[in-house]
Amino acid sequence: MATRALGSFKHRKRKGDRKRTMNVAVFPMKVHGRERWWPEKGERDASWVSPKTAARLVHKAQLRRLIARFAAQTCARHSRS
């Protein structure tokens, strides 16, 4: 996992009647695989997609921009190698 964040975004979380605004830092990390089971497995779907596709799938505009910027940097870095 990178030691430097790509950036951050604000996220509003709701628990019952309470709403909280949280500042979420986003860090890139290299993933080699996935466990067969994880605590939220029945609540979330997991799929492997490219950073470019991930940016299109994310609903939060601030996060979408962070992922798109990461995708552009990653593509530029790989094209120079």
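Residues numbered from 1 in each chain as written. Predicted model: local features only at pLDDT ≥ 70, side-chain atom pairs only at ≥ 80, totals over all residues. Heavy atoms only, no water.

Trainee: Talk me through a positive patch on the surface; I want residue IDs and the actual numbers.
Mentor: Taken together, the side chains of K13, K15, R18 and R20 define a basic patch exposed on the protein surface. Counting residues per element, the ones that place at least two in the positive patch are β1 (7-15) and β2 (18-26). Looking at where R18 falls in the secondary structure, it is placed in strand β2. For R18, a relative accessible area of 56% puts it in the exposed group. (Patch = residues over 30% accessible without salt bridge, like charges linked within 9 Å, V, L, I, M, F, W, Y side chains within 5 Å. Areas by Shrake-Rupley, 256 points an atom, 1.4 Å probe, with all protein chains shown as cover. Salt bridge = Lys/Arg side-chain N within 4 Å of Asp/Glu carboxyl O. Lys, Arg positive; Asp, Glu negative; His and termini not counted. Charge placed at Lys NZ, Arg CZ, Asp CG, Glu CD. Helix = DSSP H or I, 4+ residues; strand = E, 2+ residues; numbered from the N terminus. Buried < 20%, exposed > 50% of the residue type's maximum accessible area, 1.4 Å probe, protein only.)

Trainee: Please give an account of the pattern of salt bridges that cites residues and values.
Mentor: Any two side chains of opposite charge can pair, on the condition that their charged atoms come close. Counted by the stated rule, this structure contains one salt bridge. Put simply, R44 and E40 hold a salt bridge, and the shortest N to O gap is 2.8 Å. Overall, R44 belongs to the partly exposed group, its relative accessible area being 49%. Looking at E40, the relative accessible area reads 34%, which means it is partly exposed.

Trainee: How would you explain the pairing of β2 if you had to name every residue and give the values?
Mentor: Regular strands place side chains that alternate from one sheet face to the opposite one. In terms of strand pairing, β1 meets β2 through nine bridges, oriented antiparallel. Along β2, the bridge assignment pairs K10 with N23. Count of turn residues in the β1/β2 antiparallel hairpin: two residues, of which G16 carries a positive phi of about 65°. (Pairing = 2+ DSSP bridges.)

Trainee: How would you explain a nonpolar patch on the surface if you had to name every residue and give the values?
Mentor: A surface patch of nonpolar side chains, about 590 Å² in accessible area, is lined by M1, F27, M29, V31 and W48. Relative to the assigned elements, F27 resides in the loop between β2 and α1 (51-57).

Everything listed here is a matter of coordinates, which is why it stays silent on function.
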